[in-house]
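Each chain, letter by letter, is given below.
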Amino acid sequence: MRTGVERGNALDPRAAAGPGAASGWLALPLGPYSLTRNNVADRQDMLRNPGKACTWNAFCQLAQQHRSIRHMLLLARTPKVWPRLCQLGVPALPKSPGSKALPVTRQLWSRQGQPQGPGLRARLMITALIGAGLGGAWLAMKAEKERDQHQRRTAALRQAAVGQGDFSLLDHRGQARCKADFRGQWVLLYFGFTHCPDICPDELEKLVRAVRLLEAEPGLPPVQPVFITVDPERDDVAAMARYVQDFHPRLLGLTGSPEQVAQVSRSYRVYYSAGPKDEDQDYIVDHSVAIYLLSPDGLFTDYYGRAQSAEQVVASVRRHMAAFRSVLQ
């Protein structure tokens, strides 16, 4: 009896020698079958006339339509036929008399010594390495872009010539202060007045919160908070002392004569104007709102408006500290 699986129209010669000579091939006692001859009579004739070879496609269709054929015999002893058998999608091969049905699973195929691709762990490691490389490149490009923006911003602010010249004021303890007293320190500076109903307290709270956050970071130099009044008529030394104690123990309040306050305000380009007085002789001072950052060289370095949070101020100050190079040495 000739047995074998036909590839195309030719019977594989290795299968013609018998079941044992064609390792990896199916010996199927099936009749003639063709993809173009798929009527009921042909299939019945195929089952009644075993011994003739059939194509693999014919076997696949037959196996799908006759899942319980008992006289089909699998004589494969190597894994060469398993990939095709897995494509059938059948739960088990038919069993011959006196034998057990043989389950066909992809798991069994994967264990038969066929060449396998990289394992799951290797694929995960490769994916992680590629992701780390791309992430590192993106972070490097982002850092370079931020450095470039920071340098251009710093250069533009220095050209603005803000905070040029010296000043002479009194602190809230009555001690004379000038700009040189803050040389070597980072300074956060705010202009306002003690009778301000809301904006000044809010901005000073933000300023001192930024100072506390910076103090909590080890390795960073201390930042000196400074408050300069734009209302010298009411904000004398005693009034400044009462006001600053409610915010931060190191907050330094500075006041002076109207001429001294006008001079330092012009230096930092601060606008202020006292409004009309009411029947209680009280008035509001309209002024520009900004927190200034001064470097240890005493130079204006950056400013922060109302829209920026204390955390954003801290991040900016930290970047300026990291990039600082003294120009006075």
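One structure accompanies this document, and this report is about it. (Residues numbered from 1 in each chain as written. Predicted model: local features only at pLDDT ≥ 70, side-chain atom pairs only at ≥ 80, totals over all residues. Heavy atoms only, no water.)

## Regarding the side chain of Arg234
Here comes step 1: By secondary structure assignment, the location of Arg234 is in the loop between β7 (223-229) and α8 (237-244).
Here comes step 2: Under the relative-accessibility criterion, Arg234 is labelled buried at 17%.
Here comes step 3: Reaching out from Arg234, the side chain makes a polar contact with the backbone oxygen of Tyr283 at a distance of 3.0 Å.
Here comes step 4: Apart from the residues lying within four places of it in its own chain, the contact partners of Arg234 are Phe193, His195, Ala239, Asp282, Tyr283 and Val285. (Helix = DSSP H or I, 4+ residues; strand = E, 2+ residues; numbered from the N terminus. Buried < 20%, exposed > 50% of the residue type's maximum accessible area, 1.4 Å probe, protein only. Polar contact = N/O pair within 3.5 Å; in protein donor to acceptor, adjacent residues only side chain to side chain. Contact = heavy atoms within 4.5 Å.)

## Observations concerning unusual backbone geometry
Here comes step 1: Residues other than glycine seldom take positive phi values, yet Arg269 does so here, at roughly 55 degrees.
Here comes step 2: Here Arg269 shows up in the loop between α9 (258-267) and β9 (272-274).
Here comes step 3: For Gln281, which is not a glycine, the phi torsion comes out positive at approximately 65 degrees.
Here comes step 4: Considering the arrangement of structural elements, one finds Gln281 in the loop between β9 and β10 (285-287).

## Examining helix α7 (residues 199-215)
Here comes step 1: For α7, which comprises 17 residues, the first-to-last C-alpha distance of 24 Å matches the rise-based estimate of 24 Å (1.5 Å per residue) to within 8%.
Here comes step 2: When we look at burial in α7, the residues that qualify are Cys200, Glu203, Leu204, Lys206, Leu207, Val208, Ala210, Val211 and Leu214.
Here comes step 3: Of the surrounding secondary structure, the elements contacted by the buried residues of α7 are β6 (186-192), β7, α8, β10, β11 (291-294) and α10 (310-323). (Expected span 1.5 Å × (residues − 1).)

## Comments concerning the pattern of salt bridges
Here comes step 1: Evaluated as defined, the whole model comprises 7 salt bridges.
Here comes step 2: Across the pair Asp171 and Arg177 runs a salt bridge whose closest N-O atoms are separated by 3.1 Å.
Here comes step 3: Of the residues examined, Asp171 reaches a relative accessible area of 0% and is grouped as buried.
Here comes step 4: One salt bridge in this structure joins Arg250 and Glu215, with 2.5 Å as the shortest N-O distance. Separated by 35 residues along the polypeptide, Arg250 in the loop between α8 and β8 (252-255) and Glu215 in helix α7 bring together distant segments of the chain. (Salt bridge = Lys/Arg side-chain N within 4 Å of Asp/Glu carboxyl O.)

## Re the sheet that holds β8
Here comes step 1: Spatial strand order, β5-β4-β8-β7-β6-β11-β12: 7 strands in an open sheet with mixed pairing. For this open sheet the edge positions go to β5 (176-178) and β12 (300-304), each flanked by a neighbour on one side alone. The sheet shows a mean angle of 35 degrees between the axes of neighbouring strands, taken without regard to direction.
Here comes step 2: As defined by bridge partners, strand β4 (residues 168-171) adjoins β8 across 2 bridges and the pair is classed as antiparallel. Within β8, the position partnered with Leu170 by the bridge is Thr255. (Pairing = 2+ DSSP bridges. Axes fitted to C-alpha atoms, helices over the stretch in contact; angles between N-to-C directions.)

## What to know about the packing of aromatic side chains
Here comes step 1: For the structure shown, the criterion picks out 8 aromatic pairs.
Here comes step 2: On the numbers, 5.9 Å between centres and 45 degrees between planes, the contact of Phe191 with Tyr268 is tilted. On the criterion of sequence distance, the pair formed by Phe191 in strand β6 and Tyr268 in the loop between α9 and β9 is long-range, its members being 77 residues apart. In terms of burial, Phe191 and Tyr268 fall into one category: buried.
Here comes step 3: Pairing Phe227 with Tyr243 gives two aromatic rings, centres 5.6 Å apart and planes at 35 degrees, and the pair type is tilted. Here the residue Phe227 occupies a position in strand β7, and Tyr243 occupies one in helix α8, the gap between them amounting to 16 residues. Grouping residues by exposure puts Phe227 and Tyr243 together as buried.
Here comes step 4: Through a chain of ring-to-ring contacts, the aromatic side chains of Tyr190, Phe227, Tyr243 and Phe247 assemble into a single cluster.
Here comes step 5: Geometry around Tyr283 places Arg234 over its ring, the cationic atom sitting 3.6 Å from the centre. (Phe/Tyr/Trp six-rings, centres within 6.5 Å; stacked < 30°, edge-to-face > 60°. Lys NZ or Arg CZ within 6 Å of the ring centre and 35° of its normal.)

## Thoughts on the nonpolar core
Here comes step 1: Grouped together as the largest cluster of nonpolar side chains are 48 residues, with contacts concentrated most on Leu188, Leu189, Phe191, Tyr268 and Tyr292.
Here comes step 2: Of all the secondary-structure elements, those providing two or more residues to this core are β6, α7, β7, α8, β8, β11, β12 and α10.
Here comes step 3: The element that contributes the greatest number of residues to this core is α7, accounting for 7 residues.
Here comes step 4: Setting aside residues no more than four positions away along its own chain, Leu189 makes contact with Leu207, Val226, Ile228, Tyr268, Ala290, Ile291, Tyr292 and Leu294. (Core = buried A, V, L, I, M, F, W, Y, C linked by side-chain atoms within 4.5 Å.)

## A word on the side chain of Gln224
Here comes step 1: Here Gln224 shows up in strand β7.
Here comes step 2: For Gln224, the side chain forms a polar contact with the main-chain oxygen of Arg250, separated by 2.7 Å.
Here comes step 3: In this structure, Gln224 is in contact with Phe182, Gln185, Trp186, Val187, Leu188, Arg250 and Leu252, ignoring residues within four places of it in sequence.

## Regarding the packing of α7 against α10
Here comes step 1: Across the interface, α7 lies against α10 with an axial gap of 9 Å and an inter-helix angle of 50 degrees. As judged from the angle between their axes, α7 and α10 are oblique. The crossing of α7 and α10 is right-handed. Contact with α7, carried on its side by Lys206, Arg209, Ala210, Leu213 and Leu214, involves Ala310, Glu311, Val313, Val314 and Val317 of α10 and no other residues of that element.
Here comes step 2: Its residues assigned to classes, the contact of α7 with α10 shows 7 nonpolar, no polar and 3 charged. (Parallel < 35°, antiparallel > 145°, perpendicular 65-115°, else oblique. Left-handed = near helix turned anticlockwise from the far one by under 90°. Nonpolar A, V, L, I, M, F, W, Y, C, P; charged D, E, K, R; others polar.)

Interpretation in functional terms is not warranted from these geometric data alone.
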